[in-house]
Amino acid sequence: MADYQLYYWPSIQGRGEFVRLTLEEAGADYVDVARMPEEEGGGAGAVMSMLRDHQGGTAPFAPPVLQHGSLRLAQTATICRYLAERHHLVPRDQPGRLHCDQLALTLADLVNEAHDVHHPVGVGFYYEDQKEEARRRAAFFRDQRIGKFFSYFERVVDENPASGGWLVGSERTYVDLSLFQVITGIEYAFPTSFARTAPDHPGLIALRDRVAALPRIAAYLRSERRIPFNANGIFRHYQELDA
Ligand SMILES: N[C@@H](CCC(=O)N[C@@H](CS)C(=O)NCC(=O)O)C(=O)O
């Protein structure tokens, strides 16, 4: 039995990817439960039955969910923080840890906005049934939100008094891994807009490349454990949404 069990949808990066990246950089012993064959207890059904059959303690609302011994935790930012504290992926001091929380939740806001570009009316409707609204939402996201969020994170890197080019402190933390995921996701979904804005954010591009070169992350990105971006995840590429 692995130390950690991650429950997340098996065919997408989604929000589970922030947890996977943290587990990978931690060098943690984990199993991505739903990616196991169904006959071994895997598949999407494993996620649904875990949610349905949960008894005792605080029930999770939605995946990703991490199981560690008797502890079951949901909410991406909470899970990543928990893992990061156990595996030295956060600063030791409380202000540093709180600032990591602050940045993780700001990234979660950006992830929600990126998702809502292709589902502005609601997740219960197909993209094809909300294309017109998606087009309007995409223009706003591309023209105003990507730049605003990127400028913010660039500023945080610039103003970090420690050298190294990370977000908080002098070493990489779990929020650097999460920012890497968001930058690469936006690059995948909005390549034209990304190419236009990237030169204004050299600190972010350098951070992205530095994360990709971390030996454990580089090995993970090359492995089959890394699910490619696809048309069902949070970051989706629709040509008509990337002006
Ligand atoms: N704020 C939560 C959001 C969780 C979430 O929306 N999970 C998605 C998959 S990425 C889901 O399956 N949601 C089911 C639902 O909202 O009913 C987090 O960051 O973990």
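For the structure itself, consult the block above.
Not measured: the values here are computed from a predicted model.

Colleague: Can you explain the packing of helix α4 (residues 94-118) against helix α5 (residues 131-159)? Please cite residues and give values.
Modeller: Helices that pack against each other are described as a pair by the angle of their axes relative to one another and the distance between those axes. Running from N to C, α4 and α5 point in directions that differ by 160°, and their axes come no closer than 9 Å. The orientation of α4 relative to α5 falls into the category roughly antiparallel. Two packed elements cross with a definite hand, and for α4 against α5 that hand is left-handed. Taking contact as the criterion, the partners of Gln102, Leu103, Thr106, Leu107, Asp109, Leu110, Glu113, Ala114, Asp116, Val117 and His118 in α4 are, on α5, Ala134, Arg137, Ala138, Phe141, Arg145, Phe149, Tyr152, Phe153 and Val156. The class makeup of the residues in the contact of α4 with α5 is twelve nonpolar, three polar and five charged.

Colleague: Explain the site of the ligand residue by residue, including any values.
Modeller: Around the ligand sit Tyr8, Trp9, Arg15, Phe61, Ala62, Pro63, Pro64, Gln75 and Thr76, and those are all the residues in its vicinity. Residue Trp9 places a side-chain N or O atom 3.0 Å away from an oxygen atom belonging to the ligand. In this structure, Gln75 approaches the ligand through a side-chain N or O atom, which is 2.7 Å from a nitrogen atom. Taking 500 Å² as the accessible area of the ligand by itself, protein coverage stands at 63%. A majority-of-atoms criterion places the ligand in the largest pocket.

Colleague: Which residues make up the packing of α5 against helix α8 (residues 202-212), and what values do they have?
Modeller: One way to put it is that α5 packs onto α8 with a least axis distance of 8 Å and a crossing angle of 75°. Between α5 and α8, the crossing angle belongs to the class labelled roughly perpendicular. Across the interface between the two elements, Phe150, Phe153, Glu154 and Val157 from α5 touch Pro202, Gly203, Leu204 and Leu207 from α8.

Colleague: Just give me the short version of empty space enclosed by the protein, but keep the residues and values in it.
Modeller: Empty pockets left among the atoms are what a rolling probe the size of a water molecule brings to light. Here the structure, examined in full by the defined rule, presents two cavities of 30 Å³ or more. A volume near 70 Å³ is recorded for the largest cavity. In the lining of the largest cavity, the residues fall into six nonpolar, five polar and no charged. Lining the second largest cavity, in full, are Ala114, Val117, His118, Ala189, Phe190, Ile234, Phe235, Arg236, Tyr238 and Leu241. At three residues, the largest contribution of residues to the lining of the second largest cavity is made by α4. Per-class residue counts for the lining of the second largest cavity are eight nonpolar, one polar and one charged.

Colleague: So, the pattern of salt bridges: which residues are in play, and what are the values?
Modeller: Scanning all chains against the criterion turns up 13 salt bridges. Where Arg226 meets Glu17, a salt bridge forms, and the shortest distance between an N and an O atom there is 2.8 Å. Of the two residues, Arg226 is situated in the segment after α9 (215-222) and Glu17 in helix α1 (residues 16-26); the sequence distance between them amounts to 209 residues. Across this residue pair, the class does not change: Arg226 and Glu17 are buried. Asp209 is paired through a salt bridge with Arg208; the nearest N and O atoms lie 2.9 Å apart. You can call Arg208 buried: its relative accessible area is 15%. By sharing partners, the salt bridges in this structure join Glu17, Arg20, Asp32 and Arg226 into a single network.

Colleague: Explain the packing of aromatic side chains residue by residue, including any values.
Modeller: Enumeration according to the criterion identifies six aromatic pairs in this entry. When the ring of Tyr152 is compared with that of Phe153, the centres are 5.1 Å apart and the planes differ by 70°; the resulting orientation is edge-to-face. Among the residues examined, Phe153 registers a relative accessible area of 0% and is labelled buried. When the ring centre of Trp166 is taken as reference, the NZ or CZ atom of Arg210 above it lies at 5.2 Å. Arg226 extends its terminal NZ or CZ atom over the ring of Phe229, reaching a point 5.5 Å from the ring centre.

The rules behind these values
- Residues numbered from 1 in each chain as written.
- Predicted model: local features only at pLDDT ≥ 70, side-chain atom pairs only at ≥ 80, totals over all residues.
- Heavy atoms only, no water.
- Axes fitted to C-alpha atoms, helices over the stretch in contact; angles between N-to-C directions.
- Helix = DSSP H or I, 4+ residues; strand = E, 2+ residues; numbered from the N terminus.
- Parallel < 35°, antiparallel > 145°, perpendicular 65-115°, else oblique.
- Left-handed = near helix turned anticlockwise from the far one by under 90°.
- Contact = heavy atoms within 4.5 Å.
- Nonpolar A, V, L, I, M, F, W, Y, C, P; charged D, E, K, R; others polar.
- Near = heavy atom within 4 Å.
- Polar contact = N/O pair within 3.5 Å; in protein donor to acceptor, adjacent residues only side chain to side chain.
- Areas by Shrake-Rupley, 256 points an atom, 1.4 Å probe, with all protein chains shown as cover.
- 1 Å grid on protein atoms, 1.4 Å probe; cavity = no way out; pocket = protein on both sides within 12 Å on 5 of 7 lines; lining within 4 Å.
- Sits in = over half its atoms within 2 Å of the grid points.
- Points joined across faces, edges and corners; volume = space filled by probe spheres on them.
- Salt bridge = Lys/Arg side-chain N within 4 Å of Asp/Glu carboxyl O.
- Buried < 20%, exposed > 50% of the residue type's maximum accessible area, 1.4 Å probe, protein only.
- Phe/Tyr/Trp six-rings, centres within 6.5 Å; stacked < 30°, edge-to-face > 60°.
- Lys NZ or Arg CZ within 6 Å of the ring centre and 35° of its normal.

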